[in-house]
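One letter stands for each residue in the lines below.
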Amino acid sequence: MDFGSFLAAPEIKIRIVTYRDIFQDKAMIENRFGEEYRDRSAIIKLDAADLKQLNVKKGDTVILSNSFGRIVVKAEESGYDTPHRGLAYMPNSPWSNMLVSDETGGTGVPKFKDISVTVTSAKGEKVTEFKP
Amino acid sequence: MEKNYYVCTGCGLLCDDIEVESEKNIINKVYTACRVGVAHMKEVRGEAGFRVDNAPVDEATAIREAASILKNAKNPLIFGLGTSTDEAQKLAIELARKTDATLDDTSSFCLGPLVEALLQDKIKTCTLDDVRNKADVIIFWGADPSDSHPRHLSKHSYFPRGSEKQRGWEEERTAIAIDVRKSHTAKICGNYFFQIPPEGDAEFIDALIAALSGKLPKTSYNYPPKKILELANILKGAKFGVIFAGLGLIYSLKDMEPVFRLMKALNEKANFQLVPMVGHYNMRGFNENLYAETGYVNRVKFENGTVKHGPEYSVVESLKAKTVDAALIIGSDPLSSLPRSVSKNLLEIPVISIDPCETLTSKHSKVYINTAISGVESGGSATRMDGIKVSFKPVVETARLSDEATLKKIMEAL
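The structure displayed is predicted, hence computed values, not measured ones.

Caption draft 1: Layout of the sheet that holds strand β7 (residues 137-141) of chain B. All names here are of chain B. Strands sit in the order β9-β8-β7-β10-β11 across an open sheet of 5 strands; the sheet is parallel. Edge positions in the open sheet fall to β9 (193-195) and β11 (272-276), since each of these has one partner strand only. Taken pair by pair, the neighbouring strands of this sheet meet at an average axis angle of 15 degrees, ignoring direction. In this structure, strand β8 (residues 174-179) lies alongside β9, joined through 3 bridges in parallel fashion. Bridge pairing links Ile178 to Phe194 in β9. Sheet strands touched by helix α4 (residues 112-119): β10 (241-245) and β11. Its angle to β11, the strand with the most contacts, is close to 130 degrees.

Dropping the structure here:
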């Protein structure tokens, strides 16, 4: 068990893989500043064991942070059959892009689908908003 | 009764069998299209508008201001164009040449390297019609068309009864997914889902190549060799195999060499083609148009009549290094779609946003020109993900300028 688990608010290190979601895409076309797009984008799908370690319930907000940014999103359970502790999934969106490194090794291709962050409970803090 | 079909410009499939009901230039119903296509064609529109410094202005003022930004810039960035017609793209290339600009599109950080390889005949490819009519083994690699290209499986790749595949998916097609997560497409593939760890693609490719020639496939993540050998056997038997390559595959590779190796090995044993899962409806068109003009598919810098090319002229590196001093963004929202650690530098330079809808980028632009949705409110031509040219007419009329008309006016004002 890593040290983070013993802190008052447990924090764990997570690798995020982003993906496309048709319902989220549709919501973006209809209104990219709307609630539906936010609700379908500002989420992270975690392994059930990671949720437990973080001491957060499904639907609670969590803070995702690294040296590039900090966002608050809703935690969900992934529901995948295979366990994936330490790996989590997020739809690709302005929220996930807040955390993507600018380090590209000069290739011009950021690691959109491979984001390392620390996760901790947001203790009720609201989801990050992108207002125009 | 003769039907009037439209083309959906919602994604790289450019579905050409769409019917609509419209009245007074408002689309009430859309038939045949997918969820994304319907939303795209019925997109809610506010009033047409031109803005400078977030205040409404008339067309002439916005065009004049845009031209003046480009004229005063030493190295403007022209970026976007994946959702513009061929005609608009060609004008943007001309504009880039005229203003000594850096020109790039989204393929720069997605499928550009694969499209380039196809244009240079480094990889065998085919059309989606070939897939529908002939394909017996279909691989979705790092791609989830059920979410990104919703009619891909039903219209082209898996479910249809093609001319040489009358027994369809039940008997004559095998769909395989290779991915890091069980996507909706992977679920359809059932037992033919091969789950690999993130960035495990190159190793999986080499293990598969070993298995194709009867060697024991090994990976550092201990993928069961038996499963890879089973996969190799299916692929060896393919009479017309297709790999649909998505971003999951591309992002995990340092370069395209593993893909070239795999295609070579597959074609020594069977018959395989590759089609990139192009997202934006005319990203491939941009690559082809720029290639015809310069010999490069993206990432170019025009300078006194010459063309330079390289990663330093990519949208990401040029914004990161702050080498560009103004930006013309056409049909794209880099403040949302690029890492904020990179796109934040856009906030320091004057930006012209040409887009049919308000975006974070348009809200932070010095000049915003609200244009027609191409394929819905304006016509033109584009290239489908498989290289087929598609022409389309507008579904409804609008007073908004098309991208093409906007670029023409900016060019005249220069």
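More follows now that the structure is in view.
Caption draft 2: Representation of the packing of aromatic side chains. Enumeration over the complete set of coordinates arrives at 14 aromatic pairs over all chains. An aromatic cluster of at least three residues, connected via ring pairs, comprises A:Phe112, B:Phe79, B:Phe109 and B:Tyr251. Just above the ring of B:Phe194 sits the side chain of B:Lys227; from NZ or CZ to the centre is 4.6 Å.

Caption draft 3: Structural view of unusual backbone geometry. Residue and element names in this part refer to chain B. Phi angles above zero are rare outside glycine, and Lys24 is one such case at about 50 degrees. Its identity as a non-glycine residue notwithstanding, Thr32 has a phi of 80 degrees, on the positive side. Position of Thr32 relative to the elements: it lies in the loop between β2 (26-31) and α1 (35-41).

Caption draft 4: Summary view of the interface of chain A and chain B. The interface of chain A with chain B comprises 40 residues on the first partner and 40 residues on the second. A buried area of about 3,300 Å², summed over both sides, lies between chain A and chain B, and 63% of it is on carbon and sulfur atoms. The salt bridge involving A:Asp81 is made with B:Lys182; its shortest N-O contact spans 3.3 Å. Linking chain A with chain B are 15 residue pairs in polar contact (both at pLDDT 80 or more). Within the residue set of the side of chain A that touches chain B, elements represented by two or more residues are β1 (11-19), α1 (22-30), β5 (87-91) and α4 (94-97) of chain A. At 6 residues, the largest contribution of residues to the side of chain A that touches chain B is made by α1(A). For the side of chain A that touches chain B, a count of residues per class yields 18 nonpolar, 8 polar and 14 charged.

Caption draft 5: Quick peek at helix α2 (residues 59-72) of chain B. Residues and elements named next belong to chain B. In a regular helix each residue adds 1.5 Å, so 14 residues correspond to 20 Å; α2 covers 20 Å between its end C-alpha atoms and thus fits that length. Buried residues of α2: Ala62, Ile63, Ala66, Ala67, Ile69 and Leu70, and no others. Burial along α2 is one-sided: seen end-on, the buried residues are contained in an arc of 155 degrees. Away from its buried face, by an angle of more than 90 degrees, α2 presents the exposed residues Arg64, Lys71 and Asn72.

Caption draft 6: The packing of α2(B) against helix α19 (residues 403-413) of chain B, seen in detail. All names here are of chain B. Packing of α2 against α19 brings their axes to within 8 Å, and their N-to-C directions diverge by 65 degrees. Once α2 is placed against α19, the crossing between them reads as right-handed. For the pair formed by α2 and α19, the contact residues are Glu59, Ile63, Ala66, Ala67, Leu70 and Lys71 on the first element and Thr406, Lys409, Ile410 and Ala413 on the second.

Caption draft 7: Here's a closer look at the pairing of strand β4 (residues 69-77) of chain A. All names here are of chain A. Pairing of strand β2 (residues 43-46) with β4, which is carried by 4 bridges, proceeds in the parallel orientation. Bridge pairing in β4 places Lys45 opposite Glu76. Pairing geometry for strand β3 (residues 61-66) and β4, over 6 bridges, is antiparallel. Its bridge partner being in β4, Ser65 is matched across the sheet by Arg70. Hairpin remark: β3 followed by β4, antiparallel, with 2 residues in the connecting loop.

Cut-off values and rules
Residues numbered from 1 in each chain as written. Chains lettered and ligands numbered in written order. Predicted model: local features only at pLDDT ≥ 70, side-chain atom pairs only at ≥ 80, totals over all residues. Heavy atoms only, no water. Pairing = 2+ DSSP bridges. Helix = DSSP H or I, 4+ residues; strand = E, 2+ residues; numbered from the N terminus. Axes fitted to C-alpha atoms, helices over the stretch in contact; angles between N-to-C directions. Contact = heavy atoms within 4.5 Å. Phe/Tyr/Trp six-rings, centres within 6.5 Å; stacked < 30°, edge-to-face > 60°. Lys NZ or Arg CZ within 6 Å of the ring centre and 35° of its normal. Buried area = accessible area lost by both parts, 1.4 Å probe. Salt bridge = Lys/Arg side-chain N within 4 Å of Asp/Glu carboxyl O. Polar contact = N/O pair within 3.5 Å; in protein donor to acceptor, adjacent residues only side chain to side chain. Nonpolar A, V, L, I, M, F, W, Y, C, P; charged D, E, K, R; others polar. Expected span 1.5 Å × (residues − 1). Buried < 20%, exposed > 50% of the residue type's maximum accessible area, 1.4 Å probe, protein only. Arc of directions from axis to C-beta. Left-handed = near helix turned anticlockwise from the far one by under 90°.

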